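This is what each chain is made of:
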Amino acid sequence: MKKYVYDYILSNPHVSIHEIASALAIQELETLKLVRILEKDGYVRMDSPIPLSQANNNSCFYSATGKEYGN
């Protein structure tokens, strides 16, 4: 499942946990766990947080770092 999350982030830079979970049909808590592992392993990074607003209900977005995914 980690590879699917990584591939989704790679194809959709600046994406939120909610968007990833929805697109891949997995629970948000599981998505967050997998993204944190990918972040720790250097495959993804959290983008600079942006302020919450009426148009934006999320401040944390993720993008791939460019490191090639390996098992």
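As a starting point, this report considers the structure included with it. (Residues numbered from 1 in each chain as written. Predicted model: local features only at pLDDT ≥ 70, side-chain atom pairs only at ≥ 80, totals over all residues. Heavy atoms only, no water.)

## Concerning the side chain of S16
Our working rule: Numbering goes from the N terminus for both helices and strands, where a helix is a DSSP run of H or I of at least four residues and a strand is a run of E of at least two. The buried label applies to any residue whose accessible area, calculated with a 1.4 Å probe on protein chains only, is under 20% of its type's maximum; exposed applies above 50%, and partly exposed to all values in between.
Residue position: S16 is located in the loop between α1 (2-11) and α2 (17-24). Its relative accessible area of 3% is what places S16 among the buried residues.

## Re the pattern of salt bridges
Here is the rule: Counted as salt bridges are all cases of a side-chain nitrogen of Lys or Arg within 4 Å of a carboxyl oxygen of Asp or Glu.
Within this structure, the stated rule accounts for three salt bridges. A salt bridge links R36 to E39, with the shortest nitrogen-to-oxygen separation between them at 2.7 Å. Here the residue R36 and the residue E39 both occupy positions in helix α3 (residues 28-40), the gap between them amounting to three residues, near one helical turn. Among the ionic pairs, D47 bridges to R45, the shortest N-O distance being 2.4 Å. Looking at D47, the relative accessible area reads 8%, which means it is buried.

## Side note on the packing of α1 against α2
For clarity, the cut-off: Every axis in this analysis is a line fitted to C-alpha atoms, fitted for helices over the stretch in contact. Angles between the N-to-C directions lie between 0 and 180 degrees. The handedness criterion is simple: a crossing whose near helix is rotated anticlockwise from the far helix by less than a right angle is left-handed, and one whose near helix is rotated clockwise is right-handed. Contacts: residue pairs with any heavy atoms within 4.5 Å of one another. Under the scheme applied, nonpolar residues are Ala, Val, Leu, Ile, Met, Phe, Trp, Tyr, Cys and Pro; charged residues are Asp, Glu, Lys and Arg; polar residues are all the others, including Gly.
Contact geometry for α1 and α2: axes closest at 11 Å, N-to-C directions at 115°. In this structure, α1 crosses over α2, and the sense of that crossing is right-handed. Contacts between α1 and α2 involve Y4, V5, Y8 and I9 on the former and, on the latter, E19, I20, A23 and L24. Looking at the contact of α1 with α2, its residues break down into seven nonpolar, no polar and one charged.

## Side note on the nonpolar core
Note the following rule: Put simply, a nonpolar core is a bunch of buried Ala, Val, Leu, Ile, Met, Phe, Trp, Tyr and Cys residues held in one set by side-chain atoms that sit within 4.5 Å of each other.
Core analysis: the largest hydrophobic core is formed by 14 residues, its most contacted members being V5, I9, V35, L38 and V44. Every residue in contact with V35, bar those within four places of it in the chain, is listed here: V5, I9, I17, I20, V44 and Y62.

## Some remarks on the packing of aromatic side chains
Filter applied, for reference: Geometry of aromatic contacts follows a simple scheme: Phe, Tyr and Trp rings, the Trp one being its six-membered ring, pair when their centres are within 6.5 Å, and the pair is stacked under 30 degrees between planes, edge-to-face over 60, tilted otherwise. Think of it as a cone above the ring: NZ of Lys or CZ of Arg counts as a charge over the ring if it is within 6 Å of the ring centre and within 35 degrees of the ring normal.
Taken as a whole and assessed by the stated rule, the structure comprises three aromatic pairs. When the ring of Y6 is compared with that of Y43, the centres are 5.9 Å apart and the planes differ by 75°; the resulting orientation is edge-to-face. Of the two residues, Y6 is situated in helix α1 and Y43 in the loop between α3 and β1 (44-46); the sequence distance between them amounts to 37 residues. Summarising the burial analysis for this pair, Y6 and Y43 share the class buried. Ring centres 5.0 Å apart and planes at 50° place the aromatic pair Y43 and Y69 in the tilted group. Residue Y43 is found in the loop between α3 and β1, and its partner Y69 is found in the segment after β2 (62-64); the two are separated by 26 residues along the sequence. Classification of Y69 as buried rests on a relative accessible area of 16%. An aromatic cluster of at least three residues, connected via ring pairs, comprises Y6, Y43 and Y69. Over the aromatic face of Y43 sits the side chain of K67, whose NZ or CZ is 4.6 Å from the ring centroid.

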